[in-house]
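# Report on the structure
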Amino acid sequence: MAIILRLDRVMADRKMSLNELSEKVGIAKVNLSKIKTGKVSAIRFSTLNAICKVLDCQPGDILEYTPDE
């Protein structure tokens, strides 16, 4: 996959736990954990918007593109 999720890095920079982010965003910890570990094939814009709002970041801080080889 050419899109890499960097949510774990942004959360670490903000010193925010998965539990805290889950509560503030309103997403189940299980689903947020899947996003954090990159075990998802899609993410809703509304979810991305909520995460960016809570973490005060841009989508590009969470999503990274790397070309397929």
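This write-up is about the structure you can find in this document. Please read these numbers as outputs of a predicted model, since none were measured by experiment. (Residues numbered from 1 in each chain as written. Predicted model: local features only at pLDDT ≥ 70, side-chain atom pairs only at ≥ 80, totals over all residues. Heavy atoms only, no water.)

### Describing the pattern of salt bridges
A full pass over the atoms with the stated rule returns 2 salt bridges. For Glu20, the salt bridge identified is with Lys24, shortest N-O distance 3.2 Å. Here the residue Glu20 and the residue Lys24 both occupy positions in helix α2 (residues 18-25), the gap between them amounting to 4 residues, near one helical turn. (Salt bridge = Lys/Arg side-chain N within 4 Å of Asp/Glu carboxyl O. Helix = DSSP H or I, 4+ residues; strand = E, 2+ residues; numbered from the N terminus.)

### Regarding helix α4 (residues 45-55)
Listed as buried for α4 are Thr47, Leu48, Ile51, Cys52 and Leu55. Seen from one end, α4 has its buried residues packed into an arc of 130°, which puts them on one side. Seen from the buried face of α4, the exposed residues on the opposite side, beyond 90 degrees, are Phe45, Ser46, Asn49 and Lys53. Residues of α4 that are buried sit in contact with α1 (7-13), α2, α3 (29-37), α5 (59-62) and β2 (63-65). Looking one or two residues past α4, Asp56 carries a phi angle of roughly 50°, positive in sign. (Buried < 20%, exposed > 50% of the residue type's maximum accessible area, 1.4 Å probe, protein only. Arc of directions from axis to C-beta. Contact = heavy atoms within 4.5 Å.)

### A word on the layout of surface pockets
What the largest pocket holds in volume is close to 160 Å³. Lining the largest pocket are Ile27, Asn31, Lys34, Ile35, Val40, Ala42, Ile43, Arg44 and Thr47. Top contributing element to the lining of the largest pocket by residue count: α3, with 3 residues. By residue class, the composition of the lining of the largest pocket is 5 nonpolar, 2 polar and 2 charged. (1 Å grid on protein atoms, 1.4 Å probe; cavity = no way out; pocket = protein on both sides within 12 Å on 5 of 7 lines; lining within 4 Å. Points joined across faces, edges and corners; volume = space filled by probe spheres on them. Nonpolar A, V, L, I, M, F, W, Y, C, P; charged D, E, K, R; others polar.)

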